[in-house]
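Chain by chain, the residues:
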Amino acid sequence: MRQQIFVSACLVGGLVLSACAKDDTEAVDRAFQEVNVVDESNLNDVMLTVADPNEAVTYFQRTVKSAPDRIDLNRGLALSLIRAKRNTEAVTAWEKVISLPEATDADRVELADALIRTSNWDEARATLDKVPPTHETFKRYRLEAMVADSEQNWKRSDSFYQTAVGLTTQPARVMNNWGYSKLTRGDYAEAERLFGDAIRQDQSLFTAKNNLVLARGAQRNYTLPVIPMDQTERAQLLHTLALSAVKQGDVQTGESLLRQAISTHPQHFDAAAHALAALENG
């Protein structure tokens, strides 16, 4: 009888140990899965920020194949394609994202951005129209302004640019876009003001400096504005101002500005030299 009890006890003990071993194994598996998720998330973030854009595209293409319905991986692929300037492919990738059940209004805005990058303005407008007005973000309104510009709907454009500026702490680039919109309309004084505002927000934004010079040149103001610039930038802006003067018919002024640009540049300024030679040779 004692032997039977002993055997039974051993069996029970063995079952308990087996159950414990199974529980431990499952716990370890869960722990590794959690670690893998964290590691993968970190890797995804790295791929979207510091990795070479084309390497990131390859990584996300591979991971999407193994999990085609995971929206985070599809987003990663779409964002990487934008970073790599592969905009046509990015449109397809963002269309896949918004076809998934977890897609958000922010994803639709990203699709509109990709469509604008491929000059599909009508499709971009249609995509933005599907985003409810309650989705009030800087990017949404910046894109709305750009679409309005493409339609020459200036009142709508100004309204959206104004809203976008109020929704970001770094408005320099959108101010530059707004200024360029004014420049294309022929509102040179207002364009000049907006470019100046953009430069005050970000003194490194050379595009705004160049656009500011274009706005001044369009008003036959051929003096450089008082803005931060290094020697190379000064030469490049003089070159832009010179071409603007020539376009206005002020050829002698243009020639003088080109000579200043050549003498100002710390290295040989090939573009300005060629322009000057062309003017001197008639």
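Only a predicted model underlies this, so the values are computations on that prediction, with no experimental measurement involved.

## Describing the pattern of salt bridges
Then, number 1: Considering all chains together, one arrives at 20 salt bridges under this definition.
Then, number 2: When the shortest N-O distance is used, the salt bridge between Arg86 and Glu89 registers 2.9 Å.
Then, number 3: Judged by its relative accessible area of 25%, Arg86 falls in the partly exposed class.
Then, number 4: Salt-bridge contacts for Arg125 lead to Glu151; the nearest nitrogen and oxygen are separated by 2.7 Å. Of this pair, Arg125 sits in helix H6 (residues 121-129) while Glu151 is found in the loop between helix H7 (138-150) and helix H8 (154-165), placing the two residues 26 residues apart along the sequence.
Then, number 5: Using a relative accessible area of 21% as the deciding quantity, one classes Arg125 as partly exposed.
Then, number 6: Owing to a relative accessible area of 36%, Glu151 belongs among the partly exposed residues under this scheme.
Then, number 7: The network of salt bridges with shared partners includes Glu190, Arg193, Asp197 and Arg200.

## So, the nonpolar core
Then, number 1: The biggest cluster of nonpolar side chains holds 37 residues, and the ones touching the most others in it are Phe195, Leu224, Leu241, Leu257 and Leu258.
Then, number 2: Among the secondary structure elements, those contributing two or more residues to this core are H7, H8, helix H9 (172-185), helix H10 (188-201), helix H11 (206-218), helix H12 (231-247), helix H13 (251-264) and helix H14 (270-280).
Then, number 3: Among the elements that make up this core, the one with the highest residue count is H12 (six residues).
Then, number 4: Beyond its immediate sequence surroundings of up to four residues, Leu257 is in contact with Tyr222, Leu238, Leu241, Ala242 and Ala245.
Then, number 5: Among the nonpolar cores identified, the runner-up in size contains 33 residues, and Val57, Ile82, Val109 and Ala112 belong to it.

## Some points on the packing of aromatic side chains
Then, number 1: Summed over the entire model, instances satisfying the criterion amount to three aromatic pairs.
Then, number 2: With a centroid separation of 5.8 Å and an interplanar angle of 15°, the aromatic rings of Tyr161 and Trp178 are classed as stacked. Here Trp178 lies in helix H9 and Tyr161 lies in helix H8, a separation of 17 residues in the sequence. With respect to burial, Tyr161 and Trp178 carry one shared label: buried.
Then, number 3: In this structure, Arg140 is placed above the aromatic ring of Tyr141, and the distance from its NZ or CZ to the ring centre is 5.8 Å.

## Notes on the packing of H7 against H9
Then, number 1: Put simply, H7 and H9 touch, their axes get as near as 11 Å, and they point 10° apart. Between H7 and H9, the angle is such that the two are roughly parallel. Within the contact between the two elements, H7 uses Phe138, Arg142 and Asp149 and H9 uses Val174, Asn177, Ser181 and Arg185.
Then, number 2: Class assignment for the residues of the contact of H7 with H9 results in two nonpolar, two polar and three charged.

## Points about the environment of Thr163
Then, number 1: Counting through the fold element by element, Thr163 comes out in helix H8.
Then, number 2: Of the residues examined, Thr163 reaches a relative accessible area of 32% and is grouped as partly exposed.
Then, number 3: Here the alpha-carbon distance between Thr163 and Arg142, two residues 21 residues apart in the chain, equals 8.4 Å.

Parameters at a glance
- Residues numbered from 1 in each chain as written.
- Predicted model: local features only at pLDDT ≥ 70, side-chain atom pairs only at ≥ 80, totals over all residues.
- Heavy atoms only, no water.
- Salt bridge = Lys/Arg side-chain N within 4 Å of Asp/Glu carboxyl O.
- Buried < 20%, exposed > 50% of the residue type's maximum accessible area, 1.4 Å probe, protein only.
- Helix = DSSP H or I, 4+ residues; strand = E, 2+ residues; numbered from the N terminus.
- Core = buried A, V, L, I, M, F, W, Y, C linked by side-chain atoms within 4.5 Å.
- Contact = heavy atoms within 4.5 Å.
- Phe/Tyr/Trp six-rings, centres within 6.5 Å; stacked < 30°, edge-to-face > 60°.
- Lys NZ or Arg CZ within 6 Å of the ring centre and 35° of its normal.
- Axes fitted to C-alpha atoms, helices over the stretch in contact; angles between N-to-C directions.
- Parallel < 35°, antiparallel > 145°, perpendicular 65-115°, else oblique.
- Nonpolar A, V, L, I, M, F, W, Y, C, P; charged D, E, K, R; others polar.

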